[in-house]
Amino acid sequence: MRKISEFLKVPNDNPSLTVAQYEAFSKQVPLLYFILITNMAALSWTHRDSAPSWMVIYLPTFLSAFFLYRAYSWVRKWSVKVEAAEAYRMLRATNRLAPPIAIFCVGWSIALMPYGDAYQQAHVAFFMAITVIGVIFCLMHLRSAALTVTAMVNIPFFFLMVMSGQPTFIATGINVVLVTGAMILVLLSHYRDFMQLTESRQVFLSQREVLKEKNREMQLLSDENLRLANMDSLTLLANRRCFFDVLQRAFERARQGGQRLSVGIVDLDGFKPVNDLYGHAAGDRVLVEVGRRLNEMATENLTVYRLGGDEFAVIHEGLHDEAVLQSVGQNLCLAVAEPIDIGSGAAHVTASIGFAIYPDIGDSAQDLYERADYALYTAKRNQRGGIVIFNSAQSITLSRHRQVEEALLAADLEKEMSLVFQPIIDIQTGRCVGFEALARWNSPVIGRVSPGEFIPLAEHNGRIGTITRQLLAHALEEAKDWPGNTFLSFNLSPHDIATPENVLRIIAVVEASGFDPKRINFEITETAVTRDFAQAAKSIDLLRDLGTGISLDDFGTGYSSLNHVHKLPLSKIKIDGSFVTQIDSRPASYKIVKSVLSLCEDMGLEAIVEGVETEAELKVLKEMGVGVVQGFHFSKPVEAQAARDMVTPAGQNADLQEQRKHP
Ligand code: C2E
Ligand code: MG
Ligand code: MG
């Protein structure tokens, strides 16, 4: 029962099916009405003289007008996209309308039966049969209506035919019922196919939608990945990778369009102390704020990036000269220099910027970047918080640096590196109390290179660790031949004390040598201390625990405050030679040396004065109470053998006399 009622209902459990049914059906509805109108017209015409006019003229005309109106209302909707609810409503309306129309047509045609002769009666039978077949076809997408109409027409038709007693009519009745029965089966199977087709189309469409959605999601994901890959997660600025991409493209544009392009590398001064004193969260706040301030200066032509750590970069495209760049740099520096709120107070950092301009220099994007980086290096070395635009003088130094660096990377350190020793003299007694070991490099490719030149480069390319350990081992080996009261002074570079591991490696070399650590004095520069004070202090502690002495080398040339010196467990301070030059005639130098001497006395530190070149200088220093000195006046750095001779009882005095004659 339920099944039958379902057959007679318009299905509404599948909106897509309803819409598909509606669309297919709406195309056939006008044909349905066409069949009804023409069939009715034909039957009315054959009965025009025998039946009353209301039956063959007025009623059919009225009905035809109604059918035309219905057909028109369906045609009107052809171009409109109909929603499932509206489609359902229209189909149900047709479903409801089908039985009365069927009843009417059947009733009307049966009512005409008595008015005609045998031919006309046969026409009535034909009308009913052909109408029902035509209607079944047209209603094939509306199964419920097709079944109702078939039943409503066929049952009375069959009985009418059988009851006529006419064998021809009886045969016609049976024939039509059988044919319509077969047609109903065709209709049902067609309807099933239609449903399946609609469903599979629906599945296909929904799969396509899912696929489309997935593709969209994948696209969004890859866009997001690309964005994240190019963004610095802390400052939300474009990152290092993005910087090089943009620089490469900007460089190509500049080269092709003959335009100018500048790269600026920005490095913060005073950032590390903020990190050390206030913690990393404060450091992060500083970086975020600096990034924000720099980015505020960004324009269509000026883009800002964070390269990592406290290093940022700008790319400036379009027309500009050095003066414009200088003012851009100044604005960036001013923005950075404003105090930054870090919650527990205000942090003060400044910026150093190195610029390089294409086409003035740079054959490639990488080249331009390296030159800007070199300009920054110069800015940091010479003037803190300054702007340096790469120039031709730097270009010469840079190419020399590259040459030396290349030779250094390829060097056979064991063969090419050696040591010389400069005596350290107690001026009261004239005795050589120790030697400072100084590195010498004789490269087969570029000849002799001074340590002042290659040590910073070895620091830069990471070879310094090996150089230090190898030279220290040599120096200790050599110092073993010296008398027990002669100490060895050995220079460490900032890298050597930058991590506990590096210090431990140095300690291992000392221990392996068997040389008494108390006779070793390590020299560290102010730069090494100011770079990372906390770590420098830890490293000094480790070395002092071993028993070695520590001197602060080149004192007065760096930026270490006296406050810093106070906090470090130093044993000696080496006053830089630049303060000694013409100390006899320059009151400023005199005052500086005097105050450092009294500082040393207060702190219980020994003072060594470097770079003593003349008798006059020595005289002044002696009067000031200086105990220990070093300089060409006594001796230039000498070979190992000469140093050994100098401190062995036989050769000691003779050698010094000799050196004094020919400094
Ligand atoms: P430093 O440690 O201050 O060494 C003293 C430098 O001054 C030496 O230069 C020495 O030759 C020079 N000097 C000594 N007396 C006089 C003088 O009376 N007048 C003048 N004008 N100069 C004098 P050198 O050997 O060229 O070394 C330069 C710097 O290279 C050293 O300065 C030191 O910082 C660094 N260095 C040298 N050897 C090593 C090493 O083995 N390791 C490390 N890390 N650095 C080294
Ligand atoms: Mg030194
Ligand atoms: Mg020195």
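Residues numbered from 1 in each chain as written. Chains lettered and ligands numbered in written order. Predicted model: local features only at pLDDT ≥ 70, side-chain atom pairs only at ≥ 80, totals over all residues. Heavy atoms only, no water.

1. What about the pairing of strand E9 (residues 431-443)?
With ten of 13 residues buried, E9 is to be regarded as a mostly interior element. Counted along the chain from strand E8 (residues 417-426) to the antiparallel partner E9, the turn is four residues long, and its residue Gly430 has a positive phi close to 80°. With four bridges joining them, E9 and strand E11 (residues 487-491) adopt parallel strand pairing. Pairing of Ala437 across the sheet is with Phe490, part of E11. In this sheet, strand E10 (residues 447-449) lies alongside E9 in antiparallel orientation, the contact comprising three bridges. Considered in E10, the bridge of Asn442 is made with Arg448. (Buried < 20%, exposed > 50% of the residue type's maximum accessible area, 1.4 Å probe, protein only. Helix = DSSP H or I, 4+ residues; strand = E, 2+ residues; numbered from the N terminus. Pairing = 2+ DSSP bridges.)

2. Notes on helix H15 (residues 451-461)
Among all positions in H15, only Phe454, Leu457, Ala458 and Glu459 are buried. In this structure, the buried residues of H15 make contact with helix H13 (392-410), E8, E9, E10, helix H16 (464-479) and helix H18 (526-531). At the exit of H15 stands Gly462, carrying a positive phi of roughly 85°. (Contact = heavy atoms within 4.5 Å.)

3. Some remarks on the coordination of the magnesium ion (ligand 3)
Distances from the magnesium ion (ligand 3) to its protein donors, Asp553 (OD), Asp554 (OD), Glu610 (OE) and Glu610 (OE), fall within 2.1 to 2.4 Å. Written as a sequence motif, the donor arrangement for the magnesium ion (ligand 3) is D-D-x55-E. The metal-metal distance between the magnesium ion (ligand 3) and the magnesium ion (ligand 2) is 3.9 Å, with Asp553 serving as a donor to both. Residue Asp554 is classed as partly exposed on the basis of its relative accessible area, which comes to 24%. (Donors = N, O, S within 2.8 Å, 3.2 Å for Na, K, Ca; no water.)

4. As for the site of ligand 1
Around ligand 1, the structure places 22 residues, and the nearest of them are Glu436, Asn491, Asp553, Glu613 and Phe632. Taking Gln422, its side chain carries an N or O atom lying 2.9 Å from a nitrogen atom of ligand 1. Take Arg440: an N or O atom from its side chain is 2.9 Å from an oxygen atom of ligand 1. Burial of ligand 1 by the protein chains amounts to 78% of its free accessible area of 790 Å². Counting only elements with at least two residues in the shell around ligand 1, the list comes to E9, H15 and strand E13 (549-555). A per-element tally of the shell around ligand 1 places E9 first, with four residues. Tallied by class, residues from the shell around ligand 1 come to nine nonpolar, six polar and seven charged. (Near = heavy atom within 4 Å. Polar contact = N/O pair within 3.5 Å; in protein donor to acceptor, adjacent residues only side chain to side chain. Areas by Shrake-Rupley, 256 points an atom, 1.4 Å probe, with all protein chains shown as cover. Nonpolar A, V, L, I, M, F, W, Y, C, P; charged D, E, K, R; others polar.)

5. Considering unusual backbone geometry
In this structure, the amide linkage connecting Tyr358 to the following residue, Pro359, adopts the cis form with an omega of 15°. The topology assignment puts Pro359 in the loop between strand E6 (350-358) and helix H12 (365-382). Residue Leu236 is not a glycine yet carries a positive backbone phi of 65°. Its identity is not glycine, yet Asp554 carries a phi of approximately 50°, on the positive side.

6. Regarding the packing of helix H2 (residues 15-46) against helix H3 (residues 53-76)
Where H2 meets H3, the closest approach of the two axes is 9 Å, and the angle between their N-to-C directions is 165°. The angle between H2 and H3 places the two elements in the roughly antiparallel class. At the point where H2 passes H3, the crossing takes the left-handed sense. Touching Tyr22, Phe25, Ser26, Val29, Pro30, Tyr33, Leu36, Ile37, Met40 and Ser44 of H2 are Val56, Pro60, Leu63, Ser64, Phe67, Leu68, Arg70, Ala71, Trp74 and Val75, all from H3. (Axes fitted to C-alpha atoms, helices over the stretch in contact; angles between N-to-C directions. Parallel < 35°, antiparallel > 145°, perpendicular 65-115°, else oblique. Left-handed = near helix turned anticlockwise from the far one by under 90°.)

7. Some details on a nonpolar patch on the surface
A cluster of nonpolar side chains, namely Trp54, Ile57 and Tyr58, defines an oily patch on the protein surface of about 380 Å² accessible area. With respect to the helices and strands, the residue Tyr58 is situated in helix H3. (Patch = residues over 30% accessible without salt bridge, like charges linked within 9 Å, V, L, I, M, F, W, Y side chains within 5 Å. Salt bridge = Lys/Arg side-chain N within 4 Å of Asp/Glu carboxyl O.)

8. Details of the nonpolar core
Within the largest apolar cluster, 80 residues are counted, with the highest numbers of intra-cluster contacts made by Phe421, Trp441, Phe522, Ile573, Leu621 and Val629. Sorting elements by how many residues they give to this core places H16 first, with seven residues. Not counting residues within four places of it along the chain, the set of residues in contact with Phe522 comprises Leu472, Phe490, Leu492, Ile506, Val510, Leu543, Thr548, Gly549, Ile550 and Ser551. Judged by nonpolar contacts, the second largest core, of 54 residues, contains Phe25, Trp108, Met140 and Met161. (Core = buried A, V, L, I, M, F, W, Y, C linked by side-chain atoms within 4.5 Å.)

9. Let's talk about the domain arrangement of the protein
By the assigned domains, the protein splits into domain 1 (2-205) and domain 2 (240-390). For domain 1 versus domain 2, the distance between C-alpha centres works out to 84 Å. (Domains from an automatic or database assignment.)

10. What about the sheet that holds strand E7 (residues 387-389)?
Backbone hydrogen bonds hold the strands of a sheet together, and the pairing may be parallel or antiparallel. One open sheet accounts for five strands, arranged E2-E3-E1-E6-E7; its pairing is mixed. Both outer strands of the open sheet, strand E2 (302-308) and E7, are each paired with one neighbouring strand and no more. Strand-to-strand, the axes of this sheet are offset by a mean angle of 20°, without reference to chain direction. Relative to E7, E6 is paired through three bridges, and the arrangement is parallel. Each bridged residue has a counterpart across the sheet, and for Ile353 the counterpart in E7 is Ile387. Along the sheet, helix H10 (residues 280-296) makes contact with strand E1 (261-269), E2 and strand E3 (311-317), crossing E3 at roughly 10°. Its contacts with the sheet place helix H11 (residues 322-337) against E1, E2, E3, E6 and E7, and it is angled at close to 160° to E6.

11. Details of the confidence of the model for the protein
Confidence in the prediction for the protein averages 88 pLDDT; 94% of positions are at 70 or higher. The model gives residues 653-663 a pLDDT under 50, and that stretch makes 17 contacts with residues more than four places away or in other chains. (pLDDT = per-residue confidence, 0-100.)

12. With respect to the packing of aromatic side chains
For the structure on display, the rule yields 18 aromatic pairs. Consider the rings of Phe490 and Phe522, whose centres lie 6.5 Å apart with planes at 90°: the pair is edge-to-face. Here Phe490, found in strand E11, pairs with Phe522, found in strand E12 (residues 520-525); they are 32 residues apart in sequence, far enough to count as distant. For the residue pair Phe490 and Phe522, the accessibility class agrees, reading buried in each case. Among the aromatic residues, ring-to-ring pairing joins Phe243, Phe244, Tyr305 and Tyr369 into one connected group. Above the face of the Trp45 ring, Arg48 is positioned so that its terminal group lies 4.1 Å from the ring centre. Here the basic side chain of Lys572 rests over the ring of Phe487, its NZ or CZ set 4.6 Å away from the ring centre. (Phe/Tyr/Trp six-rings, centres within 6.5 Å; stacked < 30°, edge-to-face > 60°. Lys NZ or Arg CZ within 6 Å of the ring centre and 35° of its normal.)

13. Quick word on H2
Compared with an ideal rise of 1.5 Å per residue, which puts 32 residues at 46 Å, H2 spans 46 Å between its outermost C-alpha atoms and is within 8% of the ideal. Along H2, the sharpest kink reaches roughly 35°, centred on Ser26 and followed within four residues by the proline Pro30. (Expected span 1.5 Å × (residues − 1). Bend = angle between axes of the 7 residues up to and from the residue.)

14. Some points on the environment of Lys572
Within the secondary structure, Lys572 sits in strand E14 (residues 572-575). With 49 residues separating them along the chain, Lys572 and Glu523 place their C-alpha atoms 8.9 Å apart.

15. Some thoughts on the state of the cysteines
Overall, the coordinates contain zero disulfides when judged by the stated rule. No disulfide involves Cys138; its sulfur sits 13 Å from the nearest other cysteine sulfur, which is in Cys105. (Disulfide = S-S within 2.5 Å.)

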